[in-house]
Amino acid sequence: MIAFFNELFKLSSNSNIEQVMIAIAHRGRLNLLSGLLDYPKALMFRKMRGKTEYPESAPSTGDVVSHLYQSVDLQYEGKSLHVSLIPNPSHLEANVPVVIGKVRGRQQTLAEGDYSASEQESIVGQKVLCVQVHGDAAISAQGVIQESLGLWNLPHFRVGGSIHLVINNQLGFTTPAEQGRSSLYSTDIAKSNGFPILHVNGDHPEEVVKALRLAMSYRQTFGKDVFVDLICFRRWGHNELDDPSFTNPGLYSIIGSKPSVPDSYVQKLSEEGILDKETISKEVSTYYEALNNSLKEADTHEPKQFHLQAHWKDLVDAPSHISTWDTGDNI
């Protein structure tokens, strides 16, 4: 998934896209935040220890670690690219229509597409890209996704096509695919609107990048949604309480015998002479050292205020006093 997004940001900059808005549920969120979106790792570890992600001066309670979000300016291909990963509610995929609305609102702010006074900027989606990341169980079962797909080209709803990435673990919590949907593929719902679907093996990062390039080219050419079905596996359980060797013994006997994607890809690069094992080992050690240093800083890390910034800077926090109203009811 990280290779997918790294390439997505490069292609976006090369296509003169200025902003990317992303909706994603739990799985992969923390890797994306810490790996590409410059989310402070010490703050993430602090949150894992049950502390708030906000400074003491902020009137807030915070949220669980799998709901963290980020809004950041990145540098890709010598250009600034603004990336917004929106918050994730506990109800999976409820943020799909939210990110579509946010993209539409940002297009209005930038006066692009349907809001443009210039014919040169009248193509919807030239400046802002909508990216939706789905789980395989959710996309085939949750009505909010189908409802959002049905609006894709309606006036006042269209955003110039979304890139959809389906993280297909072939499992929904503990439910195998054959017991969770009637269709062969989880992405078959995309056929209702004639959207193309690219199925790719997640064991091969380079093929994932190729699939994304094709999807991005399609979106930029036709302004329609396109799906990349990333067929992969979930090595661990749904959460800390789920032992998948008990809930899905057949599947996990196979998964347990497979090397991880990073390990198999590193082995491939080593055999091809692209990277030597000493260089790889050094890179891994450096990264683990950085993680351990961030873990040591977790308790002393002071969160910075990251809400009510940029476009929201004119808003203020709610006052601390409690307001009361006469409702006419004696309660």
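Located above this text is the structure these notes cover.
Below you will find a few notes about this structure. All residue numbers here refer to positions counted from 1 along the written sequence of the relevant chain. Owing to the predicted nature of the model, reporting of local features is limited to residues with pLDDT of at least 70; listing and counting of side-chain atom pairs is limited to 80 or more, with chain, interface and lining totals taken over all residues. To obtain the side-chain values, all non-hydrogen atoms of the structure were included, while hydrogens and water were left out.

Points about the overall build of the protein
The condition that has to hold: In this text, helices come from DSSP runs of H or I with a minimum length of four residues, and strands from runs of E with a minimum of two, each type numbered from the N-terminal end. What the globule rule says is 2.2 Å times the number of residues to the power 0.38, and the radius of gyration is computed from C-alpha atoms. Should any heavy atoms of two residues lie within 4.5 Å, those residues are counted as being in contact. Note on areas: these come from Shrake-Rupley sampling with a 1.4 Å probe, and a residue is covered only by the protein chains present in the view. In this charge count, Lys and Arg are treated as positive and Asp and Glu as negative; neither His nor the chain ends contribute. The location of each charge is read from NZ of Lys, CZ of Arg, CG of Asp or CD of Glu.
Of regular secondary structure, the protein possesses eleven helices and nine strands. What you see for the protein is a C-alpha radius of gyration of 22 Å, in line with the 20 Å of a compact globule of 331 residues. Over its C-alpha atoms, taken along the principal directions, the protein stretches across nearly 70 × 50 × 45 Å. The long-range fraction of contacts in the protein, counting pairs at least 24 apart against all pairs at least 6 apart in sequence, stands at 71%. Carbon together with sulfur atoms contributes 54% to the accessible area of the protein, which is approximately 18500 Å² in total. Between the mean site of the 29 positive side-chain charges and the mean site of the 39 negative ones, the protein shows a separation of 3 Å.

Some thoughts on the pattern of salt bridges
The cut-off we apply is this: Salt bridges are identified by distance alone: a Lys or Arg side-chain nitrogen within 4 Å of an Asp or Glu carboxyl oxygen. Burial classification: accessible surface area is computed with a 1.4 Å probe over protein chains only, and a residue below 20% of its type maximum counts as buried, one above 50% as exposed, and the rest as partly exposed.
Taken as a whole and assessed by the stated rule, the structure comprises twelve salt bridges. For D299, the salt bridge is made with R49, and the minimal N-O distance between the two is 2.9 Å. Of this pair, D299 sits in the segment after α11 (277–297) while R49 sits in the loop between α3 (41–48) and β2 (70–76), and the two are 250 residues apart along the sequence. A residue is classified by how much of its surface remains accessible, and R49, at 43% relative accessible area, is partly exposed. Here D242 and R234 are joined by a salt bridge, their closest N and O atoms 3.4 Å apart. As far as burial versus exposure is concerned, D242 and R234 are alike and both buried. One salt-bridge network, in which partners are shared between bridges, spans R49, K51 and D299.

Description of the sheet that holds strand β5 (residues 162–168)
Through backbone hydrogen bonds, the strands of a sheet pair up, either in parallel or in antiparallel fashion. Applied cut-off: Think of it this way: DSSP has to see at least two bridges between two strands before they count as a pair. In this description, a line fitted to the C-alpha atoms serves as the axis of each element, helices being fitted only across the stretch in contact, and the angle between N-to-C directions of two axes falls anywhere from 0 to 180 degrees.
If you walk across this open sheet you meet the seven strands as β2-β3-β1-β4-β5-β9-β8, and the pairing is mixed. In this open sheet, the two strands that pair with only one neighbour each are β2 and β8 (197–201). Within the sheet, the average angular offset between the axes of one strand and its neighbour, ignoring direction, is 20°. Judged from the five bridges that link them, β8 and strand β9 (residues 226–231) form a sheet pairing that is parallel.

Things to note about the nonpolar core
Keep this limit in mind: Residues belong to a common nonpolar core when they are buried Ala, Val, Leu, Ile, Met, Phe, Trp, Tyr or Cys residues joined through side-chain atoms within 4.5 Å.
Membership of the largest hydrophobic core comes to 40 residues, with the highest contact counts inside it found for F5, F9 and V20. Setting aside residues up to four positions removed in sequence, F5 forms contacts with I22, L32, L36, V131, V133 and L165.

Description of the pairing of strand β3 (residues 79–85)
With five of seven residues buried, β3 is to be regarded as a mostly interior element. Relative to β3, strand β1 (residues 19–23) is paired through four bridges, and the arrangement is parallel. Within β3, the position partnered with M21 by the bridge is S84. Pairing geometry for β2 and β3, over seven bridges, is antiparallel. Within β3, the position partnered with V72 by the bridge is V83. Between β2 and β3, which follow one another and run antiparallel, lie two residues, and E77 among them has a positive phi close to 55°.

Re the layout of surface pockets
Once rolled over the atoms, a probe with the size of a water molecule shows which space is left empty. Counted only if it meets this: A 1.4 Å probe that fits into a set of points on a 1 Å grid over the protein atoms alone but cannot get out defines a cavity; an open set with protein on both sides within 12 Å along at least five of seven lines defines a pocket, and lining residues are those with an atom within 4 Å of a point. Grid points are joined across faces, edges and corners, and a volume is the space filled by probe spheres set on the points. In this classification, Asp, Glu, Lys and Arg are treated as charged, Ala, Val, Leu, Ile, Met, Phe, Trp, Tyr, Cys and Pro as nonpolar, and every other residue, Gly included, as polar.
Here the second largest pocket defines a volume of roughly 670 Å³. Along the wall of the second largest pocket there are 26 residues; nearest its centre are Y69, Q70, S71, F306 and H307. Elements with a minimum of two residues in the lining of the second largest pocket: β2, β3 and α4 (96–109). Per-element tally for the lining of the second largest pocket: the top contributor is β3, with three residues. Class assignment for the residues of the lining of the second largest pocket results in twelve nonpolar, ten polar and four charged.

What about the side chain of R181?
How we decide: Residues adjacent in sequence count toward polar contacts only when both atoms are side-chain atoms; beyond that, a polar contact is any pair of N or O atoms within 3.5 Å, and within protein one must be able to donate a hydrogen and the other to accept it.
Along the chain, R181 falls in the loop between β7 (175–176) and β8. Polar side-chain contacts of R181 include one of 3.3 Å to the backbone oxygen of S183. Once residues lying within four places of it in the same chain are set aside, the contact partners of R181 are S140 and S186.

Focus: the packing of aromatic side chains
Defined as follows: Under the pairing criterion, centres of Phe, Tyr and Trp rings, with the six-membered ring standing for Trp, must be within 6.5 Å; the plane angle then separates stacked pairs below 30 degrees from edge-to-face pairs above 60, leaving the rest tilted.
Taken as a whole and assessed by the stated rule, the structure comprises eight aromatic pairs. Taking the centre distance of 5.3 Å and the plane angle of 75° together, the rings of F4 and F5 count as edge-to-face. Neither residue differs from the other here; F4 and F5 are each classed as buried. Seen in terms of ring centroids, Y54 and F306 are 5.2 Å apart; in terms of plane orientation they differ by 15°. Their pairing is stacked. Of the two residues, Y54 sits in the loop between α3 and β2 while F306 sits in the segment after α11, which places them 252 residues apart along the sequence. With a relative accessible area of 11%, Y54 lands in the buried category.

Concerning the pairing of β1
Regular strands show a simple pattern: their side chains alternate between the two faces of the sheet. Of all five residues making up β1, five are buried, and the element is well covered by its neighbours. By the alternation rule, side chains of β1 split into Q19, M21 and A23 and V20 and I22, which are all buried. Bridge count between β1 and strand β4 (residues 128–135): five bridges; the pairing is parallel. Its bridge partner being in β4, V20 is matched across the sheet by L129.

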